[in-house]
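Notes for the structure review
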Amino acid sequence: MEFRVTDTLRSDWTGETLAIGLFENELSLSGDLAQLDEKLAGTLQELIAETGFEGKAGHSASTRVGGNSPIRKVILIGLGKPEDLKLETLRVGAGNAARLAKSIKCETLGISLPVCETPAASTQAIVEGVELALYQDNRFKSELEEKGLKLEQVELLGLASTEAAVTHGQTVCSGVFLARELIAAPANTLNALTMAEIAESLAQDYGFELEILDQEDCAKLGMGAFLGVAQAAEIPPKFIHLIYKPEKAPRRRLAIVGKGLTFDSGGLNLKVGASSIEMMKTDMGGAAATFGAAKAVGQLKPDVEVHFISAVTENMISGRAMHPGDFLTASNGKTIEVNNTDAEGRLTLADALVFADKLGVDAIVDLATLTGACVVALGNDIAGLWSTSDNLAMELETAAQVTGEKLWRMPLEESYFEGLKAIHADMKNTGPRSGGAITAALFLKQFVKETPWAHLDIAGTVWADKDNGYKSTGATGFAVRMLVQWVLS
Ligand code: BES
Ligand code: MN
Ligand code: ZN
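Residues numbered from 1 in each chain as written. Chains lettered and ligands numbered in written order. Predicted model: local features only at pLDDT ≥ 70, side-chain atom pairs only at ≥ 80, totals over all residues. Heavy atoms only, no water.

1. Examining the overall build of the protein chain
Formally: Every helix listed is a DSSP run of H or I at least four residues long, and every strand listed is a run of E at least two residues long, numbered separately from the N terminus. Taken over C-alpha atoms, the radius of gyration is set against a globule rule of 2.2 Å times the number of residues to the power 0.38. Exposure categories follow from relative accessible area, calculated using a 1.4 Å probe and restricted to protein chains: below 20% of the type maximum is buried, above 50% is exposed, and the middle band is partly exposed. By definition, residues are in contact when any of their heavy atoms lie within 4.5 Å.
A tally of regular secondary structure across the protein chain gives 14 helices and 20 strands. In terms of overall size, the protein chain behaves like a compact globule, its C-alpha atoms giving a radius of gyration of 24 Å where 489 residues would be expected to give roughly 23 Å. The principal-axis extents of the C-alpha atoms in the protein chain amount to approximately 80 × 55 × 45 Å. Buried residues in the protein chain amount to 56% of all 489 residues. At a minimum sequence separation of 6, the contacts of the protein chain that also span at least 24 residues come to 78%.

2. Quick notes on the coordination of the manganese ion (ligand 2)
Reference values for angles at a metal are 109.5 degrees in the four-donor tetrahedral case and 90 or 180 degrees in the six-donor octahedral case. The condition that has to hold: Donor atoms (N, O, S) are those found within 2.8 Å of the metal centre, with the cutoff raised to 3.2 Å for Na, K and Ca; water is not part of the atom list, so apparent gaps in a site can occur. Geometry is assigned from the angles between donors: four donors with all angles from 85 to 135 degrees make a tetrahedral site, four or six donors whose opposite pairs exceed 155 degrees while the rest stay between 65 and 115 make square planar or octahedral sites respectively, and everything else is labelled irregular.
Coordination of the manganese ion (ligand 2) by the protein is provided by Asp264 (OD), Asp342 (O), Asp342 (OD) and Glu344 (OE), with metal-donor distances spanning 2.0 to 2.2 Å. Between the 6 donor atoms coordinating the manganese ion (ligand 2), the angles at the centre fall across 72 to 167 degrees, so the site counts as irregular. For the manganese ion (ligand 2), all donor residues lie on one chain, and their spacing in sequence is D-x77-D-x1-E. A relative accessible area of 3% places aspartate 264 in the buried class. Judged by its relative accessible area of 0%, glutamate 344 falls in the buried class.

3. Focus: the coordination of the zinc ion (ligand 3)
For the zinc ion (ligand 3), the full set of protein donor atoms is Lys259 (NZ), Asp264 (OD), Asp283 (OD) and Glu344 (OE), at a range of 2.0 to 2.4 Å. Viewed at the metal, the 6 donor atoms of the zinc ion (ligand 3) are separated by angles of 78 to 173 degrees, and the geometry they form is octahedral. Read in sequence order, the donor residues coordinating the zinc ion (ligand 3) give the pattern K-x4-D-x18-D-x60-E. The distance between the zinc ion (ligand 3) and the manganese ion (ligand 2) is 3.2 Å, with aspartate 264 acting as a donor to both metals. Of this pair, aspartate 283 sits in the loop between strand E10 (260-264) and helix H9 (285-300) while glutamate 344 sits in the loop between strand E13 (335-337) and helix H10 (345-358), and the two are 61 residues apart along the sequence.

4. Considering the packing of aromatic side chains
The test is simple: In this analysis, rings of Phe, Tyr and Trp, with Trp reduced to its six-membered ring, are considered paired at centre separations within 6.5 Å, and the interplanar angle assigns stacked below 30 degrees, edge-to-face beyond 60, and tilted for intermediate values.
Under the definition given, this model contains 7 aromatic pairs. Taking 6.0 Å as the distance between ring centres and 55 degrees as the angle between the ring planes, the aromatic pair formed by phenylalanine 208 and phenylalanine 308 counts as tilted. Placement of the pair is phenylalanine 208 in the loop between helix H6 (192-206) and strand E7 (209-213) and phenylalanine 308 in strand E11 (residues 304-315), with a sequence separation of 100 residues. For phenylalanine 208, a relative accessible area of 7% translates into the label buried. The interplanar angle of 65 degrees and the centroid separation of 6.3 Å between the aromatic rings of phenylalanine 226 and phenylalanine 239 together place this pair among those described as edge-to-face.

5. Focus: the site of ligand 1
So the rule is basically this: For this description, a residue counts as near a given molecule or strand if any of its non-hydrogen atoms is within 4 Å of it. By the criterion applied in these results, polar contacts are pairs of N or O atoms within 3.5 Å in which, for protein atoms, one can donate a hydrogen and the other can accept it, and in which residues neighboring in sequence qualify only through two side-chain atoms. Where accessible areas are quoted, they stem from the Shrake-Rupley method and a 1.4 Å probe; at the residue level, only the protein chains shown are allowed to cover. When residue character is reported, Ala, Val, Leu, Ile, Met, Phe, Trp, Tyr, Cys and Pro are called nonpolar, Asp, Glu, Lys and Arg charged, and the others, Gly included, polar.
The local shell around ligand 1 holds 15 residues, among which Lys271, Asp283, Asp342, Glu344 and Gly372 are the closest. One of the side-chain nitrogen or oxygen atoms of aspartate 264 is found 2.9 Å away from an oxygen atom of ligand 1. Computed on the free molecule, ligand 1 has an accessible area of 520 Å², of which 76% lies beneath the protein chains in the complex. Partitioned by chemical class, the residues of the shell around ligand 1 number 3 nonpolar, 5 polar and 7 charged.

6. Remarks on helix H4 (residues 119-134)
This is how it is decided: Each residue after the first adds 1.5 Å to the expected span of a helix.
For H4, spanning 16 residues, the distance from its first C-alpha to its last is 23 Å, which sits close to the expected 22 Å at 1.5 Å a residue. With respect to burial, H4 is a largely interior element, 14 of its 16 residues being buried.

7. Notes on the domain arrangement of the protein chain
To be explicit about the condition: Domain ranges listed in this record stem from an automatic or a database domain assignment. Buried area is understood as the total, over both parts, of accessible area removed when two parts are fitted together, assessed with a 1.4 Å probe. Salt bridges, as used here, are contacts in which a Lys or Arg side-chain nitrogen is within 4 Å of a carboxyl oxygen on Asp or Glu.
Taken domain by domain, the protein chain comprises domain 1 (2-141 + 148-158) and domain 2 (170-488). Centre-to-centre, using C-alpha coordinates, domain 1 lies 38 Å away from domain 2. Every contact between the two is made by 18 residues of domain 1 and, on the other side, 20 residues of domain 2. In total, about 1500 Å² of surface goes out of reach between domain 1 and domain 2, with carbon and sulfur atoms giving 61% of it. The interface formed by domain 1 and domain 2 includes 3 salt bridges.

8. Some thoughts on helix H12 (residues 390-403)
The periodicity of an α-helix, 3.6 residues per turn, causes residues three or four places apart in sequence to face the same way. Our working definition: By arc we mean the arc of the directions from the helix axis to the C-beta atoms, nothing more.
In this model H12 runs 20 Å from its N-terminal to its C-terminal C-alpha over 14 residues, within 8% of the 20 Å that 1.5 Å per residue would give. Within H12 the residues assigned to the buried category are Leu392, Ala393, Glu395, Leu396, Ala399, Ala400 and Thr403. Viewed end-on, H12 has its buried residues packed into an arc of 160 degrees, placing them on one side of the element. Seen from the buried face of H12, the exposed residues on the opposite side, beyond 90 degrees, are Asp390, Met394 and Gln401. One or two steps after H12, the chain reaches glycine 404, where phi turns positive at roughly 75 degrees.

9. Concerning the environment of glycine 379
Relative to the helices and strands, glycine 379 is located in the loop between helix H11 (372-378) and strand E15 (382-387). Linking glycine 379 and glycine 435, residues 56 residues apart in sequence, is a C-alpha distance of 15 Å. Apart from the residues lying within four places of it in its own chain, the contact partners of glycine 379 are Cys374 and Gly460.

10. Topic: the nonpolar core
For the record, the criterion: The set of buried Ala, Val, Leu, Ile, Met, Phe, Trp, Tyr and Cys residues whose side-chain atoms join them within 4.5 Å is what this entry labels a nonpolar core.
Ranked by internal contacts, the top residues of the largest apolar core, which has 66 residues, are Met195, Phe308, Val365, Leu367, Leu407 and Trp486. Tallying contributions element by element places helix H5 (residues 163-184) first for this core, with 9 residues. A domain split of this core shows at least three residues from each of domain 1 (2-141 + 148-158) and domain 2 (170-488). Setting aside residues up to four positions removed in sequence, leucine 367 forms contacts with Ile256, Val257, Gly258, Lys259, Gly286, Ala289, Thr290, Leu456, Ile458, Ala479 and Leu483. Membership of the second largest hydrophobic core comes to 48 residues, among which are Ala311, Ile364, Ala440 and Trp453.

11. So, the pattern of salt bridges
Applying the stated rule across the entire model yields 23 salt bridges. Residue glutamate 88 is joined to lysine 471 by a salt bridge in which the shortest nitrogen-to-oxygen separation is 3.7 Å. You can see glutamate 88 sitting in helix H3 (residues 87-103) and its partner lysine 471 sitting in the loop between strand E19 (463-464) and strand E20 (474-475), a full 383 residues away along the chain. On the basis of relative accessible area, lysine 471 is assigned to the partly exposed category, the value being 23%. For the salt bridge of aspartate 264 with lysine 271, the shortest nitrogen-to-oxygen distance reads 3.8 Å. For the pair shown, aspartate 264 and lysine 271 are each scored as buried. Each of the salt bridges in this network shares a partner with another, and the network as a whole consists of Glu88, Arg91, Glu128, Lys471 and Arg481.

12. Quick look at the packing of H12 against helix H14 (residues 480-488)
Which entries qualify depends on this criterion: Working convention: axes come from line fits to C-alpha atoms, limited for helices to the stretch in contact. Angles between N-to-C directions cover 0 to 180 degrees. If an angle is under 35 degrees, it is roughly parallel; if it is over 145, roughly antiparallel; if it lies from 65 to 115, roughly perpendicular; otherwise it is oblique. Handedness of a helix crossing follows the sense of rotation of the near helix relative to the far helix, less than a right angle counterclockwise being left-handed and clockwise being right-handed.
Interhelical geometry of H12 versus H14 gives an angle of 120 degrees and a closest axis separation of 8 Å. Taken together, H12 and H14 sit at an angle that is classed as oblique. Of the two elements, H12 crosses H14, and the hand of that crossing is right-handed. Contacts between H12 and H14 involve Leu392, Glu395, Leu396, Ala399, Ala400, Val402 and Thr403 on the former and, on the latter, Arg481, Met482, Gln485 and Trp486. Class assignment for the residues of the contact of H12 with H14 results in 7 nonpolar, 2 polar and 2 charged.

This is how it looks when you write it as structure tokens:
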């Protein structure tokens, strides 16, 4: 997709399809819109009347323009109330316009949307909306669904001189695409070995330092919790540590840790009934977001050092599997009674967090498809956020607000740790059903000493069953954009 930014007026633009943003209070066209409507023989006003278009955010309408007008089709994009305009409105509107333009087989599209915040921020949001909405993963299809014309050029009107923001938006999207592709890839094509290969190619492409620890290395570091989970897998586990270092002394040093279960069968506490075992290829969504963020950061080259970490394996069953009730010792010496082998993510994260903590970074953020309880609490559009630092929580909330990804802060209610007390070990890995997402976060907290730390439970947001606009159906790539925004902030 080629983007051009121009200062051409929408009333002067010529091309195939023109998409115009309209606020709720702009429906009786005036000024340059009235002029444009005149050129189009009243098509705009007619379209508004005939479709009952009200200008609501997220709504759109389109039609052909007859005669020998300077454009062939128009799309109206609802913007809601002017005082409520957000970057997300531009992203959603641009995504809808791009999908419509594609469905009517248009090759060139002009987009006229108002500036929100700054021209550069607006351009980035529009580019993200278009790119993310049009993305299609055809890797596993034997035949392409769509043939013929493709949307090839998008022109952003009124946004001249924001070329850098176009590139920035496209770079961030390349990270989202990587995350979506990793998540969508099933466990028979993506495993710890292929994840390690992907880390190697990221390191090659962007000059990262790379450390890959195998089973033996992990054993030397005492990573008994991670290795307990990996015990029944035929495919050997890999502990992956990618490092981005800026050329000059870093302004900050950060670690991003992603849960990397390429498949979660539940182990001997096998996922049965309605527990969606067939969806558990998505259980490396945290690692996917981590790698996606790495891909973007490697290109954007901020003045921040970032460590991208994932303990990758699959949770399987065999004669060598962990027994429910086994005791494991994590790399910080703490002992864990595995009262449920399906609470495996927190076991792998325990050792990954201890590793990250030892790096002496300024902050650690982990991302994990950790609990069904978080999905029950917050649904599929909002991720849970737990943090030991109000400041770090605020940084992440601010980043998420910019990118239109939703977070909701949840409590680290210490009294609930009672539910994890074990008789003979330091703690159990599973508490009672109630408050299950909170006890999972409290469990993780045992493996971070002083470093400000935040945990994102993305079990609900990693995947969308229904169409979700530019956020896509299937793997969403959730959190990549906010992570990049956070690193750069
Ligand atoms: N990977 C799952 C969590 C999950 C559930 C992710 C639904 C995506 C969608 C995790 O490993 C798990 O099995 N969690 C258990 C914990 C329980 C045993 C305490 C759960 O949520 O049921
Ligand atoms: Mn599990
Ligand atoms: Zn899991």
